[in-house]
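Structural overview
The residues making up each chain are set out below.
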Amino acid sequence: MKFILLGEPQSTNHIYKSHCKFGHPCVYLSKAGKDLKEAYQWQIKSQYHSQPLQIGLKLTVELWFGTKRIHDLDNYNKLLLDAFTGLVWDDDSQIE
């Protein structure tokens, strides 16, 4: 299977926000993060029309950025993998 998702990859540092509520830290997905995840999910749904897989999976990801600045690649996987969860696989823990 091959999926192509359009949209500038966003770092976890940019899509998750945090604040303290009653002295406890709270981390949440920002509006920009929710919008990007939803856009990814619509694109996935248009390319995959089956039930979520329930087997171990191998995954290769290619990210293409609009700038030449240096990116910390491990910060770009969370939103991407979460967008596929429930659509292509049951849980991203299936990725081996």
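Okay, so let's go over this structure. (Residues numbered from 1 in each chain as written. Predicted model: local features only at pLDDT ≥ 70, side-chain atom pairs only at ≥ 80, totals over all residues. Heavy atoms only, no water.)

The next point concerns the pattern of salt bridges. According to the stated counting rule, one finds two salt bridges in the structure shown. Here Lys31 makes a salt bridge to Asp35, at a shortest N to O gap of 2.9 Å. Taken as a pair, Lys31 and Asp35 lie in helix α2 (residues 31-47) at a separation of four residues, close to a single helical turn. By relative accessible area, Lys31 is classed as exposed at 61%. As a salt-bridge pair, Lys78 and Asp82 come within 3.1 Å of each other at their nearest N and O atoms. Taken together, the residues Lys78 and Asp82, both in helix α3 (residues 77-84) and four residues apart, mark about one turn of the helix. (Salt bridge = Lys/Arg side-chain N within 4 Å of Asp/Glu carboxyl O. Helix = DSSP H or I, 4+ residues; strand = E, 2+ residues; numbered from the N terminus. Buried < 20%, exposed > 50% of the residue type's maximum accessible area, 1.4 Å probe, protein only.)

Time to look at α3. Among the eight residues that make up α3, six are buried, leaving the element largely enclosed by the rest of the structure. Looking only at α3, the buried set comprises Leu79, Leu80, Leu81, Asp82, Ala83 and Phe84. The inward-facing, buried residues of α3 contact α1 (12-15), β1 (16-21), β2 (24-29) and α2. Backbone geometry just after α3 places Gly86 at a positive phi near 85 degrees. (Contact = heavy atoms within 4.5 Å.)

These values are about where atoms sit, not about what they do.
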